[in-house]
Amino acid sequence: MMETASNKRAQINQEVRRRYSAAGFVSWLYTSIRLKLAPIVKVEEYVPKSGKILDLGCGNGMFANILLLGSPQRSVKGVDLDAGRIRAAQRIASGNSSLEFWVGDAGSFPLEQYDAITVIDLLHHMEFAEQTKLLKKLYERLADGAVLIIKDLEKAPKWKYWFHYVQDSISYRKPLYFRSAGEMETTLRRIGYTVEIVSLASGYMHPHVLYCCRRDAGN
Ligand SMILES: C[S@@+](CC[C@H](N)C(=O)[O-])C[C@H]1O[C@@H](n2cnc3c(N)ncnc32)[C@H](O)[C@@H]1O
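Residues numbered from 1 in each chain as written. Predicted model: local features only at pLDDT ≥ 70, side-chain atom pairs only at ≥ 80, totals over all residues. Heavy atoms only, no water.

**Student:** Tell me about the site of the ligand, and name the residues and values.
**Tutor:** Close contacts around the ligand come from 16 residues, with Arg-34, Gly-57, Asp-80, Arg-85 and Ala-106 the closest. One nitrogen or oxygen atom from the side chain of Arg-34 is found 2.8 Å from an oxygen atom belonging to the ligand. A total of 600 Å² of accessible area belongs to the ligand in isolation, and the protein chains cover 92% of it. For the shell around the ligand, the class distribution of residues is six nonpolar, four polar and six charged. (Near = heavy atom within 4 Å. Polar contact = N/O pair within 3.5 Å; in protein donor to acceptor, adjacent residues only side chain to side chain. Areas by Shrake-Rupley, 256 points an atom, 1.4 Å probe, with all protein chains shown as cover. Nonpolar A, V, L, I, M, F, W, Y, C, P; charged D, E, K, R; others polar.)

Structure (structure tokens):
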């Protein structure tokens, strides 16, 4: 029987929840809620099927696991500031040589050559100037043919934005820095990226948006 995209997504979703349930109830609950509220599994489809991938702000490693479930020809290095989340990611990945996790700051983590760099719901936790600095640094190091995949939240429609803003402010209790999709597109194009914007908000209560960025062939 032919495997449809939605069957594959459902299988990945189920397997991720199974893996994280082995790390305890809280881990299972967090992962299940995140998978319900955000189209993280769908984002996997925009990432190259093989090669080396860097996941900045990887949290507990959920997206890195999704990437490997999507294609075993990938290897993923995840980086996050939060040592507790990295320990959880390492525990869950133990024995899988295609996954590695490091504690580090996305802004200063040393960059090798990657086929893709993924930045999933990280940018709005960084001040605007830091976001721009990181995006410039990634542009300078992005190999020809490689892609930068940014998944974030934008500011429209307003009710989805405010719903998310209140929820994230309560969870993180730190300032948050959202850009509208238009502002983000302008920032990315000014740096030199060619950008494809994909709205992933349909069917979700949050204004999810994806930016697929490449080096402009002329630069
Ligand atoms: C909303 S969570 C997203 C986690 C993961 N990408 C996911 O989709 O499940 C944001 C993550 O960014 C991390 N973070 C925030 N600032 C960071 C920085 N400067 N460098 C690396 N990680 C950072 C936080 O610790 C947190 O795990």
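Once you've had a look at it, read on.
**Student:** Go over unusual backbone geometry with me, naming the residues and quoting the values.
**Tutor:** Cis rather than trans, the peptide bond between Ala-156 and Pro-157 has omega equal to -5°. Mapped onto the secondary structure, Pro-157 falls in the loop between β5 (147-153) and α7 (158-172). A positive phi is found at Asp-121, a non-glycine position, where the angle reads about 55°. Of note, Asp-121 is situated in the loop between β4 (116-120) and α6 (128-141). Within the chain, Arg-173 stands out as a residue other than glycine whose phi angle is a positive 50°. Summarising the element assignment, Arg-173 is placed in the loop between α7 and α8 (181-191). Overall, Arg-173 belongs to the exposed group, its relative accessible area being 71%. (Helix = DSSP H or I, 4+ residues; strand = E, 2+ residues; numbered from the N terminus. Buried < 20%, exposed > 50% of the residue type's maximum accessible area, 1.4 Å probe, protein only.)

Any link to function would need more than the numbers given here.
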